[in-house]
Amino acid sequence: MWVAAFTLLAGVALPAAHPAETSNISAARLFSRHDEPLQSFRCYRRMHAWAERMGQEAWLDAWTELKGGAFRYTVVSERGSDSVRTKVLHAILDRETDAVNGGEAGRGELTPDNYEFGAAGVDGDGSRYVSLRPKRKDVMLVDGRMVLSADGSDLVRVEGRLSKNPSFWTTLVNVVRHYARVGGVRVPTAVESVAKVRFAGTAQLEMFYEYETVNGRPVGLTAQRR
């Protein structure tokens, strides 16, 4: 079923806070930054999922919070298909809760333990990119590329195909994860995904993050869709 396609897309897959060994110059510059790590946040999450062929669609808004190493969420409003809300939107938040609180978040980080960093290039807008090749098949890893700022010092987005399909029913999941600096700390700001599901066609998901606090500091609801 298509509801299994998106249950593993929400992790905070950021580079490690410490320098990492890599032969790629662009990746090495990103990892060499001694950035303040993301340790806590309070964030308003807007979520929307739909499958046109099945005529199912749902929305959910929730407050999400990371504090003391524990993740939790509180639903503010939801509407649309009961099945999509329960089996997709709630399931995403539940899976994120389990991953963070169970110490699994590191499986999705952009580190040499998880990825080989390949060829580098420059897009037409001047941003740099580095190809990503997962070292194992994992639903938390993306086979694609990371896009960096023009000077190569900051992460803009990660895009590609999940290296392992979440279920038999899902034949392809393409994902784009957007990042920005809020209060001086790199955080995820949006996730967009399109999945191809057997007998159900195409299913899509959007999530947008609006931060109230980052690492205990008020930042306002400043995260915008890129």
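Caption draft 1: Highlighting helix H2 (residues 82–101). Helix length check: H2, at 20 residues, gives a terminal C-alpha distance of 26 Å against a target of 28 Å (1.5 Å per residue), a fit within 8%. Taken residue by residue, H2 has Val 84, Arg 85, Val 88, Leu 89, His 90, Ala 91, Ile 92, Leu 93, Glu 96, Thr 97 and Ala 99 as its buried positions. Of the surrounding elements, those touching the buried residues of H2 are strand E1 (41–51), strand E2 (56–67), strand E3 (70–80) and strand E10 (201–214). The N-cap of H2, judged by a side-chain oxygen 3.3 Å from the amide nitrogen of Ser 83 a few residues on, is Ser 81. In the stretch just after H2, Gly 103 is the one whose phi turns positive, near 75°.

Caption draft 2: Main features of the nonpolar core. Counting residues in each nonpolar core, the largest one holds 45 residues, and the members touching the most others are Leu 89, Met 146, Val 158 and Tyr 211. The leading source of residues in this core is E10, at 6 residues. Once residues within four sequence positions are removed from consideration, Val 158 is found in contact with Leu 110, Leu 132, Val 142, Arg 145, Met 146, Val 175, Val 176, Arg 177 and Tyr 179.

Caption draft 3: Representation of the pattern of salt bridges in the model. Within this structure, the stated rule accounts for 17 salt bridges. Residues Arg 72 and Glu 65 are paired through a salt bridge, measuring 3.1 Å at the closest nitrogen-oxygen approach. Looking at Arg 72, the relative accessible area reads 55%, which means it is exposed. Between Glu 159 and Arg 157 there is a salt bridge, with its nearest N and O atoms 2.7 Å apart. A residue is classified by how much of its surface remains accessible, and Glu 159, at 17% relative accessible area, is buried. Salt bridges sharing partners connect three or more residues here, namely Arg 95, Glu 104, Arg 107, Arg 136 and Asp 138.

Caption draft 4: Up close: unusual backbone geometry. Even without a glycine there, the phi angle at Asn 215 is positive, about 50°. You can see Asn 215 is positioned in the loop between E10 and strand E11 (217–218). Note on Asn 215: relative accessible area 14%, which makes it buried.

Caption draft 5: Quick peek at the side chain of Asp 61. Here Asp 61 lies in strand E2. Separated by 3.3 Å, the side chains of Asp 61 and Arg 46 make a polar contact.

Caption draft 6: Layout of the packing of aromatic side chains. Scanning all chains against the criterion turns up 5 aromatic pairs. With a centroid separation of 5.1 Å and 75° between ring planes, the pair formed by Tyr 44 and Trp 63 is classed as edge-to-face. Of this pair, Tyr 44 sits in strand E1 while Trp 63 sits in strand E2, and the two are 19 residues apart along the sequence. Overall, Tyr 44 belongs to the buried group, its relative accessible area being 12%. Pairwise contacts between aromatic rings join Phe 41, Phe 71, Tyr 209 and Tyr 211 into one cluster. Arg 42 extends its terminal NZ or CZ atom over the ring of Trp 63, reaching a point 3.9 Å from the ring centre.

Caption draft 7: Looking closely at the side chain of Asn 114. With respect to the helices and strands, Asn 114 occurs in the loop between H2 and strand E4 (115–122). Relative accessible area serves as the criterion here: at 5%, Asn 114 is assigned to the buried category. Among the polar contacts listed, one links the side chain of Asn 114 to the side chain of Arg 136, at a separation of 3.0 Å. Once you skip the residues sitting within four places of it in the chain, Asn 114 turns out to touch Gly 106, Arg 107, Gly 108, Glu 109, Arg 133, Pro 134, Lys 135, Arg 136 and Leu 141.

Caption draft 8: Up close: the pairing of strand E7 (residues 155–162). Summarising burial for E7: 7 of the 8 residues are buried, a large majority. For strand E6 (residues 142–148) and E7, the ladder comprises 7 bridges, and the chain directions are antiparallel. Paired with Arg 145 across the bridge in E7 is Glu 159. Pairing geometry for E7 and strand E8 (residues 170–182), over 5 bridges, is antiparallel. Following the sheet pairing, Glu 159 is matched in E8 by Val 176.

Rules used throughout
Residues numbered from 1 in each chain as written. Predicted model: local features only at pLDDT ≥ 70, side-chain atom pairs only at ≥ 80, totals over all residues. Heavy atoms only, no water. Helix = DSSP H or I, 4+ residues; strand = E, 2+ residues; numbered from the N terminus. Expected span 1.5 Å × (residues − 1). Buried < 20%, exposed > 50% of the residue type's maximum accessible area, 1.4 Å probe, protein only. Contact = heavy atoms within 4.5 Å. Polar contact = N/O pair within 3.5 Å; in protein donor to acceptor, adjacent residues only side chain to side chain. Core = buried A, V, L, I, M, F, W, Y, C linked by side-chain atoms within 4.5 Å. Salt bridge = Lys/Arg side-chain N within 4 Å of Asp/Glu carboxyl O. Phe/Tyr/Trp six-rings, centres within 6.5 Å; stacked < 30°, edge-to-face > 60°. Lys NZ or Arg CZ within 6 Å of the ring centre and 35° of its normal. Pairing = 2+ DSSP bridges.

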